[in-house]
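Structure at a glance
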Amino acid sequence: MISGRCAACKYLRRRCPSDCIFSPYFPSNVPQRFACVHRIYGASNVAKMLQQLPAHLRAEAANSLYYEAQSRTQDPVYGCVGVISLLHQQIHSVESQLAKTEAEIAVLNSLAQEPAAQIQENEVEATFNNFLLEQDIIASRRFSHSTYISSNFI
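For the structure given in this document, a descriptive report is provided here. Worth saying up front: this structure is predicted, and the values here are computed from it rather than measured.

This part is about a nonpolar patch on the surface. A contiguous nonpolar patch, built from Tyr67, Val83 and Leu87 and spanning about 260 Å² of accessible area, is present on the exposed surface. With respect to the element layout, Tyr67 can be found in helix α4 (residues 55–74). By relative accessible area, Tyr67 is classed as partly exposed at 42%.

Moving on, we get to the packing of aromatic side chains. Enumeration according to the criterion identifies four aromatic pairs in this entry. Geometrically, the ring pair formed by Tyr11 and Phe34 is edge-to-face, given 5.7 Å between the ring centres and 70 degrees between the ring planes. On the criterion of sequence distance, the pair formed by Tyr11 in helix α1 (residues 7–12) and Phe34 in helix α2 (residues 31–41) is long-range, its members being 23 residues apart. Residue classification places Tyr11 among the partly exposed residues on the basis of a relative accessible area of 43%. Seen in terms of ring centroids, Phe22 and Phe34 are 5.3 Å apart; in terms of plane orientation they differ by 65 degrees. Their pairing is edge-to-face. Note that Phe22 is positioned in the loop between α1 and α2 and Phe34 in helix α2, a separation of 12 residues in sequence. Members of the aromatic cluster, each reached through a chain of ring pairs, are Tyr11, Phe22, Phe26 and Phe34.

On to the packing of α2 against helix α3 (residues 43–52). Running from amino to carboxyl end, α2 crosses α3 at an angle of 100 degrees, the nearest separation of the two axes being 7 Å. Taken together, α2 and α3 sit at an angle that is classed as roughly perpendicular. When α2 is examined against α3, the residues Phe34, Val37, His38 and Tyr41 are found in contact with a partner set consisting of Ala43, Asn45, Val46 and Met49.

For the rest of this paragraph, the subject is the environment of Arg58. Positionally, Arg58 belongs in helix α4. Since its relative accessible area comes to 18%, Arg58 is described here as buried. Aside from chain neighbours lying at most four places away, what touches Arg58 is Ile21, Tyr25, Leu50, Gln51 and Leu53.

What follows concerns the nonpolar core. As a rule of thumb, soluble globular proteins bury nonpolar side chains together. Cys6, Phe22, Phe26, Phe34, Val37, Val46 and Leu50 are the most contacted members of the largest nonpolar core, which has 22 residues in total. Among the secondary structure elements, those contributing two or more residues to this core are α1, α2, α3 and α4. Per element, the largest residue contribution to this core is five residues, and it comes from α4. Excluding its chain neighbours within four sequence positions, the residues that come into contact with Phe26 are Cys6, Ala7, Ala8, Arg33, Phe34, Val37, Val46, Leu50 and Ala62.

Quick notes on the rules
Residues numbered from 1 in each chain as written. Predicted model: local features only at pLDDT ≥ 70, side-chain atom pairs only at ≥ 80, totals over all residues. Heavy atoms only, no water. Patch = residues over 30% accessible without salt bridge, like charges linked within 9 Å, V, L, I, M, F, W, Y side chains within 5 Å. Areas by Shrake-Rupley, 256 points an atom, 1.4 Å probe, with all protein chains shown as cover. Salt bridge = Lys/Arg side-chain N within 4 Å of Asp/Glu carboxyl O. Helix = DSSP H or I, 4+ residues; strand = E, 2+ residues; numbered from the N terminus. Buried < 20%, exposed > 50% of the residue type's maximum accessible area, 1.4 Å probe, protein only. Phe/Tyr/Trp six-rings, centres within 6.5 Å; stacked < 30°, edge-to-face > 60°. Axes fitted to C-alpha atoms, helices over the stretch in contact; angles between N-to-C directions. Parallel < 35°, antiparallel > 145°, perpendicular 65-115°, else oblique. Contact = heavy atoms within 4.5 Å. Core = buried A, V, L, I, M, F, W, Y, C linked by side-chain atoms within 4.5 Å.

See below:
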């Protein structure tokens, strides 16, 4: 134990034993950390979770519990799953933009290699639009698969 009581023992208004399960992960200088975790999970449940883990994984578990509790406080319905879903949407958007940019580069490269007299402007535009449509279909298939996967966790 460090000096004095840990944040958990202060919050629970109890004596902090030398083998306190909370003291390494909820120091007294950050009391809001335990308060947030306690509000969502309860002290008894957090203690049980930490005790069931090997000692080398407890710090990561405490950090995860804190992050999930914060997320649940900010978004009571979805919690951290809402953040994950938002990130999936952003990935899909960026992948679509990338596919469109790559298609545009491919069309411009093909235009630069062929003589201008042989290519009609309407054909190039139609080819480019078809390619973009194909890329959107591919990207939407990827996104619908990832949405299906993430919706199973909600």
